[in-house]
Amino acid sequence: MNPQEISIPVPWGHIAAKTWGHSSDARVLCLHGIQDNCGTFDKLIPLLRRGFYFVCIDTPGHGHSSHYPSGFRVTTECYVLAIKRVVDHLQWDRFKCIGHSMGGMIASQFTSLYPEHITSLVMIDSAGPVPVFPQDSTKWLRTALDGLLTIEKKVASGSPPSYTREQAVDVLMTKRPSKLTRNSAEVLVKRSLAERPDGRYSFTMDQRLKVSYQQMFSPIQHLALVNSIRCPVLMLRATDNPIQKTPAVKLSRKIYKSNPNVRVVKVNGNHDVHLNEPEKIADLINTFLLSERSKI
């Protein structure tokens, strides 16, 4: 499968995407994690079965896609609406979805709000959204808003750091909580950099992504959203991810398990297992996608 680049117009610019397969095949929308880009699926998709048309988008503020206008906090609701714009532009009715981390959160919320679109969902090491307890809501929201103002001042005060391409790869390998192999970092960096006049590079991601993008859902609201998911869900949980063991994420996973459509499977690897070691999850996803395709 040779990937193709497409561009989808939106009111603030465009959403870039990479497609694999033939448009006449069963449709699969792929959503990457925070501060990543659609290249995160470059090593997984070649291991998946033929007969599917994969559309992997750079969500706004990532990769080659336009940033949202400045001045507001970007949340999962913004991304869900962006996905609806993509789906409407492609004129897709029913399709499958694969989401990693933040992409899984977006896909989950989209599936809750637009269940008529999604026939099955794969969530790769995704928690979410993580619920916020009512007693924590004031502190949580104040932290998010102050964080946004701090980022805006920092961006306005000077130009972004610059790197050689090799230095940028090293940054991805060393600064992320989940460690990447060099090959994985090189895959992501292809869509993460913009060349400067001096020949050096800067990361293109929207700096607002360093502020919490989650919405302030209480456990009861989160439960209501998850219970609205009607399609089969395969939730792949990476064993080497300490965040999966935190109380908030455990609660989120418990909420998902309460929905009989959700199946949780542990896989050996870290948060970026789909990129570092895609062979560990490819068969699970193939089996799931093929079994659900036969039911359409």
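Quick caveat, the model's predicted, so the values are computed rather than measured.

## Looking at the packing of aromatic side chains
Each aromatic ring pair is specified by the distance between its two centres and by the angle formed by the two planes.
1) Next: Under the defined criterion, the tally for this structure stands at 9 aromatic pairs.
2) Next: Considering the side-chain rings of F110 and Y114, the 5.0 Å spacing of their centres and the 35 degrees angle between planes classify their relative orientation as tilted.
3) Next: Residue Y114 is classed as partly exposed on the basis of its relative accessible area, which comes to 23%.
4) Next: In textbook terms, an aromatic cluster arises when at least three aromatic residues are bridged by ring pairs, as seen for Y53, W92, F95, F110 and Y114.
5) Next: Directly above the aromatic system of Y201 lies the positively charged group of R165, at a separation of 5.8 Å from the ring centroid.
6) Next: Geometry around F72 places R208 over its ring, the cationic atom sitting 5.3 Å from the centre.

## Topic: a nonpolar patch on the surface
1) Next: On the surface, L141, L145 and M216 cluster together into a nonpolar patch covering about 220 Å² of accessible area.
2) Next: Tracing the backbone through its elements, the reader meets L145 in helix α3 (residues 137-157).

## A short note on helix α1 (residues 76-90)
1) Next: The end-to-end C-alpha distance of α1 is 21 Å, a good match for the 21 Å that 15 residues give at a rise of 1.5 Å each.
2) Next: Among all positions in α1, only T76, C78, Y79, V80, A82, I83, K84, V86 and V87 are buried.
3) Next: Considering only its buried residues, α1 is in contact with β1 (4-10), β2 (13-20), β3 (26-31), β4 (52-57), β5 (95-100) and α2 (102-113).
4) Next: Where α1 ends, the next residue or the one after it, Q91, has phi of about 60 degrees, a positive value.

## As for the UniProt feature "domain: AB hydrolase-1" (unreviewed entry) in the chain
1) Next: In the UniProt entry, the feature "domain: AB hydrolase-1" (unreviewed entry) is given for residues 28-277.
2) Next: Secondary structure content for residues 28-277 is 36% helix and 18% strand, while the C-alpha to C-alpha distance between its ends is 21 Å.

## Here's the deal with the pattern of salt bridges
1) Next: Using the criterion set out here, one finds 12 salt bridges in the structure.
2) Next: Close ionic contact of D58 with R191 constitutes a salt bridge, the shortest N to O distance being 2.8 Å. One end of the pair, D58, is in the loop between β4 and α1; the other, R191, is in the loop between α5 (182-189) and β7 (193-195), with 133 residues separating them in the sequence.
3) Next: Under the relative-accessibility criterion, D58 is labelled buried at 0%.
4) Next: Note that R176 is salt-bridged to D272, the shortest N-O span being 2.9 Å. Residue R176 is located in the loop between α4 (165-175) and α5, and its partner D272 is located in the loop between β10 (262-270) and α8 (273-276); the two are separated by 96 residues in the primary sequence.
5) Next: Given the relative accessible area of 0%, D272 is considered buried.
6) Next: The network of salt bridges with common partners includes E5, D58 and R191.

## Observations concerning the side chain of R253
1) Next: Relative to the elements of secondary structure, R253 occurs in helix α7 (residues 247-257).
2) Next: Not counting chain neighbours up to four residues away, the residues in contact with R253 comprise M235, R237, Q244 and V264.

## Some points on the sheet that holds β5
1) Next: Reading across from one edge, β1-β2-β4-β3-β5-β6-β9-β10 is the order of the 8 strands in this open sheet, with mixed pairing throughout. What marks the edges here is a single partner per strand, and that holds for β1 and β10. Within this sheet the neighbouring strands show an average axis-to-axis angle of 20 degrees, counted without direction.
2) Next: Here β2 runs beside β4; their pairing, made up of 4 bridges, is antiparallel. Among the inter-strand pairings, T19 is bridged to a residue of β4, identified as V55.
3) Next: Helix-sheet contacts for α1 involve β1, β2, β3, β4 and β5, and the interaxial angle to β1 is about 110 degrees.

## Some details on the nonpolar core
1) Next: Core analysis: the biggest nonpolar cluster contains 43 residues, and L29, L31, I57, I83 and L121 have the highest contact counts within it.
2) Next: Looking at this core, the element that brings in the most residues is α1, giving 7 residues.
3) Next: In contact with I57, not counting residues within four places along its chain, are I15, A16, A17, L29, C30, L31, H32, C38, I83 and V86.
4) Next: Core analysis: the next-biggest nonpolar cluster, separate from the first, contains 24 residues, W20, C30, L234 and V267 among them.

## Notes on the pairing of β5
1) Next: Counted residue by residue, β5 has 6 buried out of 6 residues, so it is predominantly covered.
2) Next: Here β5 shows no split at all, with F95, C97 and G99 on one side and K96, I98 and H100 on the other all buried.
3) Next: Relative to β5, β3 is paired through 4 bridges, and the arrangement is parallel. Bridge assignment links L29 to a residue of β5, and that residue is C97.
4) Next: The pairing of β5 with strand β6 (residues 118-124) spans 6 bridges and is parallel. Within β6, the residue paired with H100 across the bridge is I124.
5) Next: Once the chain exits β5 it traverses α2 before rejoining the sheet at β6, and the crossover so formed is right-handed.

About the cut-offs
- Residues numbered from 1 in each chain as written.
- Predicted model: local features only at pLDDT ≥ 70, side-chain atom pairs only at ≥ 80, totals over all residues.
- Heavy atoms only, no water.
- Phe/Tyr/Trp six-rings, centres within 6.5 Å; stacked < 30°, edge-to-face > 60°.
- Buried < 20%, exposed > 50% of the residue type's maximum accessible area, 1.4 Å probe, protein only.
- Lys NZ or Arg CZ within 6 Å of the ring centre and 35° of its normal.
- Patch = residues over 30% accessible without salt bridge, like charges linked within 9 Å, V, L, I, M, F, W, Y side chains within 5 Å.
- Areas by Shrake-Rupley, 256 points an atom, 1.4 Å probe, with all protein chains shown as cover.
- Salt bridge = Lys/Arg side-chain N within 4 Å of Asp/Glu carboxyl O.
- Helix = DSSP H or I, 4+ residues; strand = E, 2+ residues; numbered from the N terminus.
- Expected span 1.5 Å × (residues − 1).
- Contact = heavy atoms within 4.5 Å.
- UniProt positions renumbered as here; feature names shortened; annotations may be inferred.
- Pairing = 2+ DSSP bridges.
- Axes fitted to C-alpha atoms, helices over the stretch in contact; angles between N-to-C directions.
- Core = buried A, V, L, I, M, F, W, Y, C linked by side-chain atoms within 4.5 Å.
- Right-handed = clockwise from strand over helix to strand, strands pointing away.

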